[in-house]
Amino acid sequence: MGGNGGVRLVVMALLVVFLTASVESKCVSNPVLFNFGDSNSDTGGSAAGLGNVFPPDGRVFFHRPTGRLCDGRLIIDFLCESLRTSYLRPYLESLGSNFSNGADFAIAGAGTLPSSTNPFSLNTQVRQFLHFKSRSLELISQGFEGLINEEGFQKALYAIDIGQNDLTGAFVGNSAYDQVIAKIPIFISQIENAVKTLYANGAKNFWIHNTGPLGCLPEKLSPPRKDDSSLDPYGCLVPFNNASKEFNAQLSSICDKLSSELKDATIIYVDIFAIKYDIIANYTKYGFESPVIVCCGYGGPPYNFNPSIRCGNPSCNVCADGSKCISWDGVHYTEAANAIVASKILTTEYSKPKVKFDYFCTA
């Protein structure tokens, strides 16, 4: 079955996955999550802190802009659904937030290192968390209710999904490939320091995503090329993807090192690259019509991406059905693609070690 029928079958299958996961989730108490990262897991921090809200973001499911750079839910949203807990609220959202199940410190545009355009580096996010924890415990001691206590912080899951912006920045200015690779240990050291700092402050459970295939993003593919010799069989740029692979190899190694060094800590490394690359390579199997064309963009095929006219610009065209596209805006995935990524994460087949996502909240 092709066309809309195929897409509907994929969506129905995903709904079964998530309903099953939710029913089978064995959390014995309210699961608490803290997330650190960039726009791939920012549930509204940039919108709350900088006022960045761009229709038609959020048109699916939420039916309004929520600060997520997506047409609907992110991977972290689906993972929260699998635990039958509320979506994480941004740490910077001052109105209407309930932080009883954790908080999201991720900010769109953030990297492991601070930049001139974004001060919310991973280190800054960790310092924000330390303030959040200190203030929560202080208020509890004063009789406030509905806040996370010391035990809640100790049992919580600490998720990290960051690095894409660092690699993107490393390639700026036509930097040589070797120059980009030389910077990766600096990025990895920041993630290592974040884990060690959180661990020193009581964290024991870590869930760390590697970075996706940078060379498959329409944003990277759209600039003019002399020829297509740098493309792989699936239309992705080999140098960008190789840099992602090197970043991921070093991240995997540091996760192994931390697992052996940090007593009683559980550190799960998740291969997001493999998941996303499989979706790109086998896009028709998942009901998508193209692996690289943008749903919300400008310029038409093959990529429908123009860096000067991005999603949110009134001149952009928006596809009628985002479930047929992997890319929402040239950088971020659609809700349909995020749902597939999350469903594969939940299988544990892409995790090292192969531990279920709800391991931290079970008896």
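Just above sits the structure.
How each quantity is defined
- Residues numbered from 1 in each chain as written.
- Predicted model: local features only at pLDDT ≥ 70, side-chain atom pairs only at ≥ 80, totals over all residues.
- Heavy atoms only, no water.
- Helix = DSSP H or I, 4+ residues; strand = E, 2+ residues; numbered from the N terminus.
- Contact = heavy atoms within 4.5 Å.
- Pairing = 2+ DSSP bridges.
- Disulfide = S-S within 2.5 Å.
- Buried < 20%, exposed > 50% of the residue type's maximum accessible area, 1.4 Å probe, protein only.
- Core = buried A, V, L, I, M, F, W, Y, C linked by side-chain atoms within 4.5 Å.
- Phe/Tyr/Trp six-rings, centres within 6.5 Å; stacked < 30°, edge-to-face > 60°.
- Lys NZ or Arg CZ within 6 Å of the ring centre and 35° of its normal.
- Axes fitted to C-alpha atoms, helices over the stretch in contact; angles between N-to-C directions.
- Parallel < 35°, antiparallel > 145°, perpendicular 65-115°, else oblique.
- Left-handed = near helix turned anticlockwise from the far one by under 90°.
- Nonpolar A, V, L, I, M, F, W, Y, C, P; charged D, E, K, R; others polar.

1. Focus: the side chain of Asp278
- Position of Asp278 relative to the elements: it lies in helix α10 (residues 272-281).
- Contact partners of Asp278, with chain neighbours within four places excluded, come to Tyr286 and Lys344.

2. Here we look at the sheet that holds strand β1 (residues 33-37)
- Taken in spatial order, the six strands line up as β2-β1-β3-β4-β5-β10 in an open sheet, and their pairing is mixed. Taken across any chain shown, the strands that pair with only one partner, and hence form the sheet edges, are β2 (102-104) and β10 (351-352).
- In the sheet, strand β4 (residues 205-209) pairs with strand β5 (residues 266-270) via five bridges, with the strands oriented parallel. When the bridges of β5 are listed, Ile208 appears paired with Tyr269.

3. Some details on the state of the cysteines
- Inspection of the entire model under this criterion finds four disulfides.
- Between the sulfur atoms of Cys27 and its disulfide partner Cys361 the distance amounts to 1.8 Å. Placement of Cys27 in the loop between α1 (3-24) and β1 and of Cys361 in the segment after β10 is noted, with a sequence separation of 334 residues between them.
- By relative accessible area, Cys361 is classed as buried at 6%.
- The disulfide that involves Cys295 links it to Cys319, with 2.0 Å between the sulfurs. Across the S-S bond linking Cys295 and Cys319, the dihedral sits near -90 degrees, which makes this disulfide left-handed.

4. Focus on the nonpolar core
- Ranked by size, the top nonpolar core spans 92 residues in total, and within it Phe34, Phe36, Tyr158, Trp207, Leu251 and Ile345 carry the most contacts.
- The element that contributes the greatest number of residues to this core is helix α7 (residues 177-200), accounting for nine residues.
- Not counting residues within four places of it along the chain, the set of residues in contact with Leu251 comprises Ile188, Ile191, Ile208, His209, Asn210 and Tyr269.
- One finds Cys295, Cys296, Cys319 and Trp328 within the second-largest nonpolar core, a separate group that totals six residues.

5. Some details on the packing of aromatic side chains
- Per the stated rule, a full pass over the model turns up 25 aromatic pairs.
- Geometrically, the ring pair formed by Phe36 and Phe129 is edge-to-face, given 6.1 Å between the ring centres and 80 degrees between the ring planes. One end of the pair, Phe36, is in strand β1; the other, Phe129, is in helix α4 (residues 122-141), and 93 residues separate them in sequence.
- Aromatic pair Phe105 and Phe132: ring centres 6.0 Å apart, planes at 85 degrees, arrangement edge-to-face. Placement of the pair is Phe105 in the loop between β2 and α4 and Phe132 in helix α4, with a sequence separation of 27 residues.
- Residue class for Phe132 comes out buried when judged on its relative accessible area of 9%.
- Three or more aromatic residues link up through ring pairs in this structure, and these residues are Phe34, Phe36, Tyr91, Phe99, Phe105, Phe129, Phe132, Phe153, Tyr158 and Phe206.
- Stacked on the ring of Phe61, the Lys or Arg Arg73 has its end atom at 3.8 Å from the ring centre.
- Directly above the aromatic system of Tyr333 lies the positively charged group of Lys276, at a separation of 4.4 Å from the ring centroid.

6. Here's the deal with the pairing of β5
- Most of β5 sits out of view: four of its five residues are buried.
- The pairing of β5 with β10 spans two bridges and is classified as antiparallel. Looking across to β10, one finds that Tyr269 is bridged to Lys352.

7. A look at the packing of helix α3 (residues 75-82) against helix α11 (residues 335-345)
- Interhelical geometry of α3 versus α11 gives an angle of 50 degrees and a closest axis separation of 8 Å. With respect to their mutual orientation, α3 and α11 come out oblique. Considering only the axes of α3 and α11, their crossing is right-handed. On the side of α3, the interface is formed by Ile75, Phe78 and Leu79, while α11 contributes Glu335, Asn338, Ala339, Val341, Ala342 and Ile345.
- Looking at the contact of α3 with α11, its residues break down into seven nonpolar, one polar and one charged.

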